[in-house]
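What the coordinates show
So the chains spell out like this:
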Amino acid sequence: MKNVLVIGAAGQIGTELVATLRADDRFGTIVAGHTTRTPLPDSLLQSGPCECVDILDARRIAEVVKTYNVDTIYNLAALLSATAESKPLAAWNVGVNGLINTLEVARELGCAVFTPSSIGVFGPETPAVMTPQDTVCRPKTVYGITKVTGELLSDYYFHKYGVDTRSVRYPGLISHETPPGGGTTDYAVEIFYSAVKGETYACPIAAGTFMDMAFMSDAIDAAVNLMLADPQRLKHRNSFNVTAMSFDPEMLAAEIRKRKPDFSMRYAVDPLRQSIASSWPDAMDDSCAREEWGWQPKIGLSEMVDIMLSALEKKGAGAL
Ligand code: NAD
Ligand code: SER
């Protein structure tokens, strides 16, 4: 049974990944690692071990790995694309030096490591449609630079030291448990909060800007299934394109209006987010993930809109 440490467990992915792993009997102890700045929700505090783990403190990572006999580390610590542009050195420190700390602990103590990469590895020179698995990665953001570096470092530790590193290039992730942490694709979550509150949504991304997206349950399946996949089948490791849908703000708003005819949206385009979004693919080719470890997303645009509206309506506009 796998014992897991999730670093960055309080974030959008971490909160749902920890809950899923704790409910899965193929896994043993699941340690939720968080910083003092980011408290965990009560549900995670009560359902298993939780430890303060700053990814910049390699000794602390090693201590927790030894205490709980951890054999798999999910490294989710990062500053997302828009936030990273205002703190580039901090983004590099957490994204790259934090990853090196994790890889060194993994090398010394024999752990496998999953570190998400992103559509952010691509840039304006990359083919935007059916973006291939192996193609130009010349990002224009510091976030993308940390992700390309992370992919290369992860492959380096696999080839040089045999550390079992694996990862996916996540698209924008849509979920209702924990709000997103400062990315370019956050609009595709925020729009639902406005729709449920009955407010006009001011969209920071221009009409006609297509980006890849996935619902969180599919993203969690990817994180679990890739780490359980037969290594003999993996021709790639760091990192696999994965996507479940591609849409622009108009398509998303139209889908919401099918359920909420009064929903209104206007554009208040944010130049930073727009320039990042324009440099990312419209729609990736994820056939390598499908062939090598069975990636098969279950939630498309219509199902995702149903789930988001009903989950947020259940919480109630007052609680949002
Ligand atoms: P998030 O911002 O919601 O969570 C990141 C977590 O990292 C936060 O809880 C933060 O407190 C923690 N963190 C920051 N600095 C830390 C440090 N020094 N030590 C330990 N933890 C620290 O992000 P997320 O959406 O959960 O993303 C997780 C990973 O997935 C990141 O690598 C991100 O780049 C990647 N990713 C996310 C998306 C998405 O749409 N959410 C898409 C592509 C890739
Ligand atoms: N959702 C992420 C971001 O926008 C993609 O990596 O930063």
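Scope of this entry: the structure provided in the associated data block. (Residues numbered from 1 in each chain as written. Chains lettered and ligands numbered in written order. Predicted model: local features only at pLDDT ≥ 70, side-chain atom pairs only at ≥ 80, totals over all residues. Heavy atoms only, no water.)

**Focus: the packing of helix α1 (residues 12-22) against helix α8 (residues 216-228)**
Where we set the bar: To get an axis, fit a line to the C-alpha atoms, keeping to the stretch in contact for a helix; angles then go from 0 to 180 degrees between the N-to-C directions. Secondary structure elements follow DSSP: runs of H or I no shorter than four residues count as helices, runs of E no shorter than two count as strands, and numbering proceeds from the N terminus. Whether a crossing is left-handed or right-handed is set by the direction in which the near helix is turned from the far one by less than a right angle, anticlockwise for left-handed and clockwise for right-handed. In what follows, residue pairs with any heavy atoms lying within 4.5 Å of each other are defined as contacts.
Between α1 and α8, whose axes approach to 10 Å, the crossing angle comes to 65°. When you trace α1 past α8, the crossing you get is right-handed. Judged by residue contacts, Gln12, Ile13, Glu16, Leu17, Thr20 and Leu21 of α1 engage Met216, Ile220, Ala223 and Val224 from α8.

**A short note on the site of ligand 2**
Put simply, the test is: Think of it this way: one heavy atom of a residue within 4 Å of a molecule or strand is enough to make that residue near it. Think of a polar contact as two N or O atoms within 3.5 Å of one another; within protein, one of them needs to be a possible hydrogen donor and the other a possible acceptor, and neighboring residues in sequence only count if both atoms come from side chains. Residue polarity follows a fixed list, in which Ala, Val, Leu, Ile, Met, Phe, Trp, Tyr, Cys and Pro are nonpolar, Asp, Glu, Lys and Arg are charged, and the others, Gly among them, are polar.
Around ligand 2 sit Leu80, Ser81, Ser118, Tyr143, Gly172, Gly183, Thr184, Thr185 and Trp280, and those are all the residues in its vicinity. For ligand 2, an oxygen atom lies 2.7 Å from a polar atom in the side chain of Tyr143. A distance of 2.7 Å is found between a nitrogen atom of ligand 2 and a side-chain nitrogen or oxygen belonging to Thr185. Looking at the shell around ligand 2 residue by residue, the class counts come to 3 nonpolar, 6 polar and no charged.

**Thoughts on the nonpolar core**
Spelled out, the test is: Throughout this description, the term nonpolar core refers to a set of buried Ala, Val, Leu, Ile, Met, Phe, Trp, Tyr and Cys residues connected via side-chain atoms within 4.5 Å. Type-normalised accessible area, obtained with a 1.4 Å probe on protein chains alone, sets the label of each residue: buried when under 20%, exposed when over 50%, and partly exposed for intermediate values.
Counting residues in each nonpolar core, the largest one holds 65 residues, and the members touching the most others are Leu5, Ile174, Tyr187, Phe192, Phe247, Leu252 and Met304. Element by element, the count of residues in this core is highest for helix α7 (residues 187-197), at 8 residues. With residues near it in sequence (within four places) discarded, Leu5 still touches Val31, Gly33, Val53, Ile61, Val64, Val65, Val70, Thr72, Ile73 and Tyr74.

**A closer look at the site of ligand 1**
This is how it is decided: For every accessible area listed, the method is Shrake-Rupley and the probe measures 1.4 Å; residues are considered covered only by the protein chains on display.
Taken together, 26 residues lie near ligand 1, and Gln12, Ile13, Ile55, Tyr143 and Lys147 sit nearest. Take Asp54: an N or O atom from its side chain is 2.9 Å from a nitrogen atom of ligand 1. Within the side chain of Tyr143, one N or O atom sits 2.6 Å away from an oxygen atom of ligand 1. Burial of ligand 1 by the surrounding chains reaches 92%, relative to a free accessible area of 820 Å². Among the elements of the structure, α1, β6 (117-118), α6 (142-161) and β10 (172-174) are those that each provide at least two residues to the shell around ligand 1. Tallied by class, the residues present in the shell around ligand 1 amount to 15 nonpolar, 9 polar and 2 charged.

**Section: the side chain of Asp286**
Mapped onto the fold, Asp286 is located in the loop between β16 (283-284) and α11 (287-293). Accessibility expressed as a relative area gives 6% for Asp286, which makes it buried. If near-sequence neighbours (up to four positions away) are discounted, Asp286 is found in contact with Asn241, Val242, Thr243 and Trp295.

**Points about α7**
Counting buried positions along α7 yields 9 of 11 residues, so the element is predominantly enclosed. Every buried residue belonging to α7 is among Tyr187, Ala188, Val189, Ile191, Phe192, Tyr193, Ser194, Ala195 and Val196, and all of these are buried.

**Looking at the packing of aromatic side chains**
Any pair of aromatic rings gets described here by the distance separating the centres and the angle formed by the planes. Applied cut-off: Note on ring pairs: Phe, Tyr and Trp rings are taken, using the six-membered ring of Trp, and paired if centres are within 6.5 Å. Classes follow the plane angle, with under 30 degrees stacked, over 60 edge-to-face and the rest tilted. Ring-over charges, as used throughout, are those where CZ of Arg or NZ of Lys falls within 6 Å of the ring centre and within 35 degrees of the ring normal.
With the rule as written, the count across this model stands at 7 aromatic pairs. Their ring planes at 50° and their centres at 5.3 Å tell us that Tyr74 and Phe114 sit as a pair that is tilted. Taken together, the positions of Tyr74 in strand β4 (residues 72-75) and Phe114 in strand β5 (residues 112-114) put the pair 40 residues apart, joining distant regions of the chain. As far as the burial class goes, Tyr74 and Phe114 line up, both buried. With 6.3 Å between their ring centres and 85° between their planes, Tyr156 and Tyr161 make a pair best called edge-to-face. Each member of the aromatic cluster is reached from another via a ring pair, and the members are Tyr74, Phe114 and Tyr170. The lysine or arginine in question, Arg107, covers the ring of Tyr161, its NZ or CZ lying 4.8 Å from the ring centre. The lysine or arginine in question, Arg237, covers the ring of Phe158, its NZ or CZ lying 3.8 Å from the ring centre.

**With respect to the sheet that holds strand β8 (residues 165-166)**
For clarity, the threshold we go by: At least two bridges found by DSSP between two strands are what make those strands a pair.
Taken in spatial order, the 6 strands make up an open sheet running β3-β2-β1-β4-β5-β8, and their pairing is parallel. Each edge of the sheet is formed by a strand with only one pairing partner; in this case those strands are β3 (50-52) and β8. Where strand β1 (residues 2-7) lies against strand β2 (residues 27-34), 5 bridges are found, and the strand directions are parallel. When the sheet's bridge partners are listed, Val4 is paired in β2 with Ile30. With respect to the sheet, α1 is in contact with β1, β2, β3 and β4, its orientation differing from that of β2 by roughly 160°.

**Points about unusual backbone geometry**
Residue Ser239 follows Asn238 across a cis peptide bond; omega there is 25°. Note on placement: Ser239 falls in the loop between α8 and β13 (240-241). Of note in the backbone geometry, Asn69 takes a positive phi value of approximately 50° without being a glycine. Along the chain, Asn69 falls in the loop between α3 (58-67) and β4. Given the relative accessible area of 58%, Asn69 is considered exposed. Not every positive phi belongs to a glycine, and Met130 is a case in point at roughly 50°. As for its position among the elements, Met130 is in strand β7 (residues 129-131).

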